[in-house]
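Structure at a glance
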Amino acid sequence: MLKSTLVCVILTCAWLAQASAAEPRVTTVDAVDLDRYLGRWYEIARYPMWFQRKCAASMAEYSRRDDGLIRVVNTCTRTDDPARTKQVSGRARVADQTTNAKLEVSFFGPFWADYWVIDLDPDYRWAVVGEGRRKYLWILSRTPELPAEDLAGILERLREAGYDPDRLVWNDHAGAP
């Protein structure tokens, strides 16, 4: 029994080492100036998420709250009724005080999810948000469209970081304010 358990542990460790070697560790940007990050972001693309089903032309608005947290308001056009919008409000808190690049967001009571800024334009024209397991991914822009050269660079860096750009769901912000 002990021998078979030991073999399982060794095989599991070998599998974990191989899996972690196959994909680079997800890293964040060196620093985020939260005051520059606040404001409106247009979602250019995202990984499919259950909580964004029936959503198109998604946008996020970030602002300071009196309690030190960040107000998060996500809005989208409903794909099943384009005359209607869907809006959800939440809050975010900084999880890494040194860089401000790792935050946590909550839309449902005491439940918090990782929100890591993994790529960011020096002028805060676009941002890429993910988390450590590559389950979530959003490409955000200050404008409804990203220049092709910016998008190409983002997609290349995502591939290098172990993300699959083929999974992205693309937004169309035609007529966006």
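Before reading further, recall that the structure is shown in the block above.
One structure accompanies this document, and this report is about it. (Residues numbered from 1 in each chain as written. Predicted model: local features only at pLDDT ≥ 70, side-chain atom pairs only at ≥ 80, totals over all residues. Heavy atoms only, no water.)

Applying the stated criterion across every chain, the model contains 1 disulfide. Here cysteine 55 is linked by a disulfide to cysteine 76, with a sulfur-sulfur distance of 2.0 Å. Of note, the bridge from cysteine 55 to cysteine 76 carries an S-S torsion of about -45° and is left-handed in sense. Taken together, the residues span a long stretch of sequence, with cysteine 55 in strand β2 (residues 55-64) and cysteine 76 in strand β3 (residues 70-78) at a distance of 21 residues. Cysteine 76 gets classed as buried once you look at its relative accessible area, which sits at 4%. (Disulfide = S-S within 2.5 Å. Helix = DSSP H or I, 4+ residues; strand = E, 2+ residues; numbered from the N terminus. Buried < 20%, exposed > 50% of the residue type's maximum accessible area, 1.4 Å probe, protein only.)

With that settled, consider the pattern of salt bridges. Per the counting criterion, the structure on display carries 12 salt bridges. One salt bridge in this structure joins arginine 78 and aspartate 80, with 2.8 Å as the shortest N-O distance. With a closest N to O distance of 3.8 Å, arginine 159 and glutamate 156 form a salt bridge. Taken as a pair, arginine 159 and glutamate 156 lie in helix α3 (residues 148-160) at a separation of 3 residues, close to a single helical turn. A relative accessible area of 38% means that glutamate 156 is categorised as partly exposed. Within this structure, Lys54, Arg78 and Asp80 form a network of salt bridges that share partners. (Salt bridge = Lys/Arg side-chain N within 4 Å of Asp/Glu carboxyl O.)

In this structure, alanine 57 is a non-glycine residue whose phi angle is positive, near 50°. In this structure, arginine 134 takes a positive phi of about 65° despite not being glycine. Positionally, arginine 134 belongs in the loop between β7 (126-130) and β8 (138-141).

Right, let's talk about the environment of glutamine 52 for a bit. Mapped onto the elements of the fold, glutamine 52 is located in the loop between β1 (39-46) and β2. A C-alpha to C-alpha distance of 9.6 Å links glutamine 52 and lysine 86, two positions 34 residues apart in sequence. Among the polar contacts listed, one links the side chain of glutamine 52 to the side chain of tryptophan 138, at a separation of 3.0 Å. (Polar contact = N/O pair within 3.5 Å; in protein donor to acceptor, adjacent residues only side chain to side chain.)

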